[in-house]
Amino acid sequence: MTQTIAPRVRTVVLLLLAAACALLVAGAGPASAHAAVTGSDPAQGAVVDKAPARISLTFSEQVAMSGDSLRVLDPEGKRVDTGGPSNVSGTTYAVRLHSGLPDGTYTVAYQLVSADSHPVAGAYTFSIGAPSKTSVSVSDQTADDGVVGWLYGFGRYMSYAGFIVMAGGAAFVLACWPRGSGVRPVQRFVVSGWLTLTAATLALLLLRGSFTGSGKVADIFDLSLLGQVLQTKTGAALVSRLLLLAAAALFIAVLFGAYDKREDPQEKRDLTFGLAIGGVVVAAGLAASWAMSEHASTGLQAGIAMPVDVLHLLAVAAWLGGLGALLVALYRAPADAPVDASAVRRFSRVAFGSVLALIATGTYQSWRQLGSWSAFTDTRYGQLLLAKIALVAVLVGVAWISRRWTGQLAETVPAAAEREKARAGAGADASVAAEAEVTGDDPTDTGTEAGTDAGERLDSGPADTERAAQLARQRAARDAALQKRLRDADPNRFGLRRSVLAEAGVAVVLLAVTTVLTQTEPGRTEQDAKAATSSSASTSPDTGASGALTLNMPFDTGGEKGKGIVTVDLDPARVGGNEMHVYVERPDGQAFDIPEVKVDFTLEAKDIGPLPVVPDHIATGHWSANGVQIPMAGDWKVDVTVRTSDIDEVTVSKNAQIG
């Protein structure tokens, strides 16, 4: 039976790896950008009467820009921006334009890196005077990472897989099956995780510059790009990961060296405690190298989100990595040192605790990244998250079946194994008799004289030496077959192996979905961008005939019902007295009241302000103030502070030309 299982195992593993690669390929590409454009000035598709002095873009989070990150192209495709882009306020970035630009349609193209390390690219158009034909293709400006993008996505998957195998496998040995530290297949399993994570980290360092820049394969080994990567947050995280991997190598060497050789129980307990502390510190540091540079490091409650993300990744490693180590032990451990029921039960408790931790941390992460129930179905992030939840549910169900097999698994060798041993013993007796016939020995003679005579005969010539070597090979093959039969004889162990294999298969696909999820724009960000786009489409700033100014700013205080859009209308938006109206709406356009709204005006170029304005509440979602004084013309920063509860408050900003 076991001879027919091996091909099936290989087939299942290959199919699962193919599914994982398909998910990675489907999940990479332009949709992976995490910083979304929530506003622009001029707005997308706007037609302005006179050429603006600059253009500005507002993103959902901080971004990193280079000199060519923000470009403005005239109808013939020539650049009309001057100087590099600058951060004018918060998440708003601007680039100045040449003066006296003629009428026509202009293209704004951007390529940058979001705060959570993902590249962002896109383009839009606006017109001066009247729209015109343009030679610039907007569709060509979208992000397309090509081969480098797929390689980078695969590298991310392998880095996650390597960490899970290394950390989870080591935890399984230390916490569940100490005897496994001397089992060669388990040693190879953990070391392969270390090698995979190290190789993937080095590959990501080389790919990073091209991935966030040109996307060309030739730029992978550009040392100047590598130098730039090392100065970024992501580069620092990858270098930190490499340094921690050196400490992990020392941990693995002790675990499979000095720890395995300890025979004194007290010494082994002391070393177990020390290795447990050191291992947790190193594993947490490695997990933090992801948390410090990706989703958790930006957005709401980053100070809470990063430790939660570390705990989440450690729980995944303890569960899935331990599952892989258990699978290796069940299939490859020698018959004289099988994984016993007590080790499986200990892992069952570890896995149960990991699942509880995953539920708690996953619930928090889902709230933080989605922000609303509708995002589960309306955004790609939410749809992937539903798929992940379904896979976790399947995995827990299969684990329950494994738990049943564990309960039936006996500590002692079962009767079936005893029968195999007896059968193998009979075969061994026959082999001994055959040996005796070849060498001329009496198989019943066990005395030293007979042994001496046999030794003399074996040393008598080359032919006898060759026969002895042949007999030794036969004994080794017989012993290996015996160990395999003993390992496979227990039906309960066989059932456990099959259920654990099914768990591992689901885990491979689950890891692929999780990797794609980390490369996908969070649902909260996607919905904010949609809301900002729909609002800017209905009211285009700086285009009113009376000169009135309209600013739309999405906000999210993080509290209950803390998400919405605040709109500031300033009329006539000139030096002197102005009438100001503030409107607060939910993302669906419904007006609602909040405890407090404050507006500040600051002219940073002249060091004027902030000039505070506290408008009066007029109606639901509507505040107003008369006689708002603007002392001089310029590029004013408008800060709006929105408080949705006693403790939930946020300030959003936007720049506008007034006067």
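These numbers were taken from a predicted model, which means no experiment stands behind them.

**Comments concerning the pairing of strand β14 (residues 608–613)**
One ladder, built from 4 bridges, connects strand β13 (residues 596–603) with β14; its direction is antiparallel. Paired with D600 across the bridge in β14 is P612. Remark: 4 residues form the turn of the hairpin made by β13 and β14, two consecutive strands paired antiparallel; D607 in that turn has positive phi of roughly 55 degrees.

**Describing the packing of helix α3 (residues 184–211) against helix α5 (residues 233–255)**
For the pair α3 and α5, the least separation of the axes is 10 Å and the interaxial angle reads 160 degrees. Put simply, α3 runs roughly antiparallel to α5. For the element pair α3 and α5, the recorded crossing hand is left-handed. Along its contact with α3, which presents V190, V191, W194, L197, T198, T201, L202, L204, L205 and R208, the element α5 presents T234, G235, L238, R241, L242, L245, A248, A249 and I252. Tallied by class, residues from the contact of α3 with α5 come to 13 nonpolar, 4 polar and 2 charged.

**Structural notes on the sheet that holds strand β15 (residues 616–619)**
As a general point, the strands of a sheet are linked pairwise by backbone hydrogen bonds and lie either parallel or antiparallel. Read from one edge of the open sheet, 5 strands run β10-β11-β12-β16-β15, paired in antiparallel fashion. One side of each edge strand has no neighbouring strand; the edge strands of this open sheet are β10 (549–556) and β15. Here the average twist between neighbouring strands, direction ignored, is 25 degrees. As paired strands, strand β11 (residues 563–571) and strand β12 (residues 576–585) are joined by 7 bridges and run antiparallel to one another. Within β12, the position partnered with T567 by the bridge is Y583.

**Digging into the side chain of T644**
Along the polypeptide, T644 turns up in the loop between β17 (634–643) and β18 (649–658). When its relative accessible area of 17% is taken as the criterion, T644 is described as buried. The contacts of T644, once residues within four sequence positions are left out, are F555, T557, K561, G562, I594 and P595.

**Brief notes about the nonpolar core**
In terms of nonpolar packing, the biggest core is built from 64 residues, with F163, M166, W177 and L255 touching the most fellow members. When contributions to this core are tallied by element, the ones reaching two or more residues are α2 (146–175), α3, α5, α7 (265–291), α8 (302–332), α9 (341–370), α11 (380–408) and α15 (491–518). Here the element with the most residues in this core is α8; it accounts for 15 residues. Ignoring sequence-local partners within four residues, the contact set of L255 consists of A170, V173, L174, S181, D260 and L275. Residues L551, V613, A625 and V628 belong to the second largest nonpolar core, which totals 30 residues.

**Topic: the confidence of the model for the protein**
Chain-level pLDDT for the protein is 76 on average; 74% of the residues reach the 70-or-more range. In the predicted structure, residues 446–459 sits below a pLDDT of 50 and forms 9 contacts with residues beyond four places in sequence or in another chain.

**Comments concerning the packing of aromatic side chains**
For any pair of aromatic rings, geometry is given as the distance between the ring centres together with the angle between the planes. With the rule as written, the count across this model stands at 9 aromatic pairs. With centroids separated by 6.0 Å and ring planes inclined at 20 degrees, the aromatic side chains of Y106 and F126 adopt a geometry described as stacked. One end of the pair, Y106, is in strand β8 (residues 104–114); the other, F126, is in strand β9 (residues 119–128), with 20 residues separating them in the sequence. Like Y106, the residue F126 is buried in the burial classification. An angle of 15 degrees between the planes, with centres 5.1 Å apart, marks the rings of Y160 and W290 as stacked. One end of the pair, Y160, is in helix α2; the other, W290, is in helix α7, and 130 residues separate them in sequence.

**Focus: the side chain of T557**
Relative to the elements of secondary structure, T557 occurs in the loop between β10 and β11. With near-sequence residues (within four places) excluded, T557 lies in contact with L300, G562, V642, T644, D648, E649 and V650.

**Quick notes on the sheet that holds β17**
Overall, antiparallel pairing links the 4 strands, which are arranged β14-β13-β17-β18 in an open sheet. The open sheet has two free edges, formed respectively by β14 and β18, since each of these has just one partner strand. The sheet shows a mean angle of 20 degrees between the axes of neighbouring strands, direction not considered.

Calculation criteria
- Numbers given for residues are sequential positions, taken from 1 along each chain in its written order.
- Per-residue local features are limited, in this predicted model, to residues with pLDDT of at least 70; the limit for side-chain atom pairs, both in listing and counting, is 80 or more; totals at the level of whole chains, interfaces and linings are taken over all residues.
- To obtain the side-chain values, all non-hydrogen atoms of the structure were used and water was disregarded.
- By the convention used here, strands pair only if DSSP detects at least 2 bridges between them.
- Helix and strand definitions here come from DSSP, where helices need a minimum of 4 consecutive H or I residues and strands a minimum of 2 consecutive E residues; each element is numbered from the N-terminal end.
- In this description, a line fitted to the C-alpha atoms serves as the axis of each element, helices being fitted only across the stretch in contact, and the angle between N-to-C directions of two axes falls anywhere from 0 to 180 degrees.
- For classification purposes, angles smaller than 35 degrees are called roughly parallel, those larger than 145 roughly antiparallel, those between 65 and 115 roughly perpendicular, and all remaining angles oblique.
- We call a crossing left-handed when the near helix sits turned anticlockwise from the far one by less than a right angle, and right-handed when that turn is clockwise.
- Two residues form a contact once any of their heavy atoms are found within 4.5 Å.
- Side-chain classes are defined by residue name, with Ala, Val, Leu, Ile, Met, Phe, Trp, Tyr, Cys and Pro counting as nonpolar, Asp, Glu, Lys and Arg as charged, and the others, Gly among them, as polar.
- Exposed residues in this analysis have more than 50% of their type's maximum accessible area, buried residues have under 20%, and partly exposed residues fall in between, with area computed by a 1.4 Å probe over protein chains only.
- Put simply, buried Ala, Val, Leu, Ile, Met, Phe, Trp, Tyr and Cys residues joined by side-chain atoms within 4.5 Å make one nonpolar core.
- Values of pLDDT, which run from 0 to 100, indicate the predictor's confidence residue by residue.
- Working definition: rings of Phe, Tyr and Trp (its six-membered ring) pair if their centres are within 6.5 Å, and the pair is stacked with planes under 30 degrees apart, edge-to-face with planes over 60 apart, and tilted otherwise.

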